[in-house]
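Analysis of the macromolecular model
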Amino acid sequence: MNKALTSTEFNFAGQKSVYHGKVRDVYNINDDLMVMVATDRISAFDVILPKGIPFKGQVLNQIAAKFLDATSDICPNWKLATPDPQVTVGLKCEGFRVEMIIRGILTGSAWRDYEKGCREICGVKLPEGMRENERFPEPIITPTTKADEGHDLNISKEEIIAQGIVSKEDYEIMEDYTRKLFARGQEIAAKQGLILVDTKYEFGKRDGKVYLIDEIHTPDSSRYFYAEGYEEKFEKNEPQKQLSKEFVRQWLIEHDFMNEPGQTMPEITDEYAASVSERYIELYEHITGETFDRNVDQENISARIEKNVSDYLATL
């Protein structure tokens, strides 16, 4: 059984602090750089599952790195290097407390709201008579505020600016970048026979300039449909074949778990964790069009990361 990295406690040269997120551990180096470790933790329904998924961190980190490089002509981003398959080192930016969600198709939570009669999301008016998995006339941006705990909250562009969460000037820069990044992501996905359905971007500021930060276009932050059969399934009102971590949520729902009071997390067996790992590798290969490299040292992942990151930091 391949091993999984579920926790980290590094002490890098110049380290000021560490933030442990749901799936990433972020180390602050001299208030100038960030070392972002993509662990093998997996979360769903705002809870971290009790077992890690082998190779998941590598999948997410390498997809994000690929797309950061493929979009660096559109806007500046935080990435400097990937010294380890599970690590990105980049510029420390002051993150905006807003996530920019962009949707090309009416599905997921937006569809559930629409089905209940909602015709406006985050200040964006929606046409009447739309169906599940139908393309919007043009992609819509539905931002959320970043919550310290629990669910992020929908908010409109007007509210963001009025409340001073982001200045009008910075918001419009983020909005422009979001549309251009999504268009590029859709182009790249189309070449792989996929449709980039919706995704989220996070931005920060450094030295007065807006940067793209965090991951982009990964199966944890994005939803993809297979292009082949999309129209036929849409016409027949059939579920779309998709690439995302939705399959993990569905498995939990089938085992009566949605993180509601009184519910118990089902057992995550080694066999199930291995099957999820294979699905993530399949996602990687479909999204990137490249063969996934399983030949990284899995025996002592922490020691490998510590050495690779320390060696890289020593060169700066």
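We now turn to the structure provided with this report.

Quick notes on the rules
- Residues numbered from 1 in each chain as written.
- Predicted model: local features only at pLDDT ≥ 70, side-chain atom pairs only at ≥ 80, totals over all residues.
- Heavy atoms only, no water.
- Helix = DSSP H or I, 4+ residues; strand = E, 2+ residues; numbered from the N terminus.
- Rg over C-alpha atoms; globule rule 2.2 N^0.38 Å.
- Buried < 20%, exposed > 50% of the residue type's maximum accessible area, 1.4 Å probe, protein only.
- Contact = heavy atoms within 4.5 Å.
- Areas by Shrake-Rupley, 256 points an atom, 1.4 Å probe, with all protein chains shown as cover.
- Lys, Arg positive; Asp, Glu negative; His and termini not counted.
- Salt bridge = Lys/Arg side-chain N within 4 Å of Asp/Glu carboxyl O.
- Polar contact = N/O pair within 3.5 Å; in protein donor to acceptor, adjacent residues only side chain to side chain.
- Core = buried A, V, L, I, M, F, W, Y, C linked by side-chain atoms within 4.5 Å.
- Disulfide = S-S within 2.5 Å.

Moving on, we get to the overall build of the protein chain. On a plain count of helices and strands, the protein chain comes out with 8 helices and 17 strands. For 316 residues, the compact-globule estimate of 2.2 N^0.38 gives 20 Å, and the protein chain sits close to it at 20 Å. For the protein chain, the spread of C-alpha atoms along the three principal axes comes to 60 × 50 × 45 Å. Among the 316 residues that make up the protein chain, the fraction classed as buried is 51%. Residue pairs in contact within the protein chain that sit at least 24 positions apart in sequence constitute 64% of those at least 6 positions apart. Accessible surface, the protein chain as shown: approximately 15100 Å² in total, 46% of it carbon and sulfur.

Attention now moves to the side chain of Lys245. Residue placement: Lys245 occurs in the loop between β17 (242-243) and α6 (246-254). Here Lys245 occupies a buried position and makes no salt bridge, while the nearest side chain of opposite charge, Asp220, is found at 4.2 Å. At 2.6 Å, the side chain of Lys245 and the backbone oxygen of Ser43 are in polar contact. Ignoring anything within four residues of it in the chain, the contact list for Lys245 reads Ser43, Pro219, Asp220 and Tyr280.

It is worth spelling out the nonpolar core at this point. Most often, soluble globular proteins keep nonpolar side chains buried together rather than apart. Core analysis: the biggest nonpolar cluster contains 76 residues, and Val35 and Phe203 have the highest contact counts within it. Per-element accounting of this core gives the leading share, 8 residues, to helix α7 (residues 270-288). With 10 residues, the next largest nonpolar core counts Leu106, Ala110, Ile121 and Met130 among its residues.

Enumeration according to the criterion identifies 0 disulfides in this entry. Left unpaired, Cys122 is separated from the closest cysteine sulfur, that of Cys118, by 8.9 Å.

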